[in-house]
Amino acid sequence: MKHILVVMVIFFAADQLSAQQWKWPDQPKNLTALPASTAGKDLQRVMFGFTGSLGVRCTYCHVGEEGKDFKEFDFVSDAKPAKNKARLMIKMVKNINTQFLTNLHDDNSPAIQVNCQTCHRGNALPILLEDQLKKTFDKSGIDSTIKQYRALREQFYGGFTYNFKEGSLLRLADKISEDSTKMPAAIEIIKLNIEMYPSFAFSYTHLASYFEDLGNKQGAIENYQKALSLNPKNEMIKRQLDKLQSK
Ligand code: HEC
Ligand code: HEC
């Protein structure tokens, strides 16, 4: 009996404690984008959805210090710009789903719904790998770009935030090569792709076409030959090589 009493007292104390701890509000004070009825568990589901979709923590949008108890956060405040951006996004997603995606199918079957993850894929700024790297290249040059590729690959490979398949660096190289003075950097990027994917023939066809543009016929021929050795049945590569050799 004594034991039971002790246990009950402890439970009571624990209950008192949790009553003072932070709880998801049953009556949120400042909702202007979500339905006003979003509270408690529903609000929790939505907010966890945001952090997961964007790969961020609560503090990305809310005033508070990382690691501190939620009690000390000010979730009602709109001081962080990302919170209002998220509101715009909530409205945008709602419009996409309720205005643009309705009546998409002839048989009136419902369309696939868009959500934060559809675009963000674990990234606060939903940007393709090649576009992210191109921004870095324009700002800080080739060494920083290669460094960033390796770091992003280390962190995100196998996830859904960036596409590390064989084509991404080729698309980056093509974007860089649009400025003919940047050809050496474009070639560096292709070499990086060859390091990552040694048996991907199209790295070599890209190299070959850059060498062609640079007037380096021998370099172009060697790279088409390499591409052909990796992909012997490809008629396009054969034709390119024949054309070049008969020049
Ligand atoms: C991407 C931005 C974003 C992230 C990340 C985010 N929130 Fe929010 N949160 C919002 C927005 C926007 C609102 C207001 C929605 C509205 O106006 O309808 C909100 C509202 C809230 C509210 C209601 C406040 C009130 O009373 O009005 C709480 C509580 C809350 N968030 C908690 C959290 C917690 C806890 C996390 C982390 C697990 C989190 N949020 C992560 C954007 C975010
Ligand atoms: C149709 C694609 C799309 C969807 C769906 C989408 N977003 Fe975005 N979001 C973007 C783009 C693109 C940007 C970057 C715009 C820019 O800054 O140039 C962005 C930016 C943001 C930002 C600002 C990030 C920053 O640091 O500047 C937040 C926060 C955000 N989105 C939250 C959300 C939330 C929450 C949802 C789901 C309710 C969502 N987004 C759904 C495309 C989308």
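Our subject is the structure listed above.
Because the structure is a prediction, the values reported are computed rather than measured.

So, how was this worked out
Residues numbered from 1 in each chain as written. Chains lettered and ligands numbered in written order. Predicted model: local features only at pLDDT ≥ 70, side-chain atom pairs only at ≥ 80, totals over all residues. Heavy atoms only, no water. Helix = DSSP H or I, 4+ residues; strand = E, 2+ residues; numbered from the N terminus. Buried < 20%, exposed > 50% of the residue type's maximum accessible area, 1.4 Å probe, protein only. Contact = heavy atoms within 4.5 Å. Phe/Tyr/Trp six-rings, centres within 6.5 Å; stacked < 30°, edge-to-face > 60°. Donors = N, O, S within 2.8 Å, 3.2 Å for Na, K, Ca; no water. Tetrahedral: all angles 85-135°; square planar, octahedral: opposite > 155°, others 65-115°. Near = heavy atom within 4 Å. Polar contact = N/O pair within 3.5 Å; in protein donor to acceptor, adjacent residues only side chain to side chain. Nonpolar A, V, L, I, M, F, W, Y, C, P; charged D, E, K, R; others polar.

Structurally, Asn193 can be placed in helix α8 (residues 183–196). Assessed through its relative accessible area of 0%, Asn193 is described here as buried. Every residue in contact with Asn193, bar those within four places of it in the chain, is listed here: Glu166, Leu169, Leu170, Phe200 and Ser203.

Once that is clear, we can look at the packing of aromatic side chains. According to the stated counting rule, one finds twelve aromatic pairs in the structure shown. Ring geometry for Trp22 and Phe70: centres 5.1 Å apart, planes at 80°, overall edge-to-face. In this pair, Trp22 is assigned in the loop between α1 (2–20) and α2 (40–54) and Phe70 in the loop between α2 and α3 (81–100), connecting sequence segments 48 residues apart. When its relative accessible area of 28% is taken as the criterion, Phe70 is described as partly exposed. Ring centres 5.3 Å apart and planes at 20° place the aromatic pair Phe73 and Phe75 in the stacked group. For Phe73, a relative accessible area of 10% puts it in the buried group. Ring pairing ties together the aromatic residues Trp22, Trp24, Phe48, Phe70, Phe73 and Phe75, which thus form one cluster.

Around the iron atom of ligand 2, the donor atoms from the protein are Met89 (SD) and His120 (NE2), and they sit 2.0 to 2.3 Å away. With six donor atoms in place around the iron atom of ligand 2 and angles of 85 to 178° between them, the coordination shape is octahedral. Residue Met89 is found in helix α3, and its partner His120 is found in helix α4 (residues 116–120); the two are separated by 31 residues along the sequence. In this structure His120 comes out as buried when scored by relative accessible area, which is 11%.

Donor atoms from the polypeptide that bind the iron atom of ligand 1 are Met47 (SD) and His62 (NE2), placed at 2.0 to 2.3 Å. For the iron atom of ligand 1, the six donor atoms in the first shell make angles of 85 to 179° at the metal, a pattern classed as octahedral. Taken together, the positions of Met47 in helix α2 and His62 in the loop between α2 and α3 put the pair 15 residues apart, joining distant regions of the chain. Residue classification places His62 among the buried positions, given a relative accessible area of 11%.

Now for the site of ligand 2. Looking at ligand 2, there are 17 residues lining it, with Tyr60, Met89, Cys116, Cys119 and His120 nearest. In this structure, Tyr60 approaches ligand 2 through a side-chain N or O atom, which is 2.3 Å from an oxygen atom. Here a nitrogen atom of ligand 2 and a side-chain polar atom of His120 are 2.8 Å apart. Taken together, the residues that form the shell around ligand 2 break down as 14 nonpolar, two polar and one charged.

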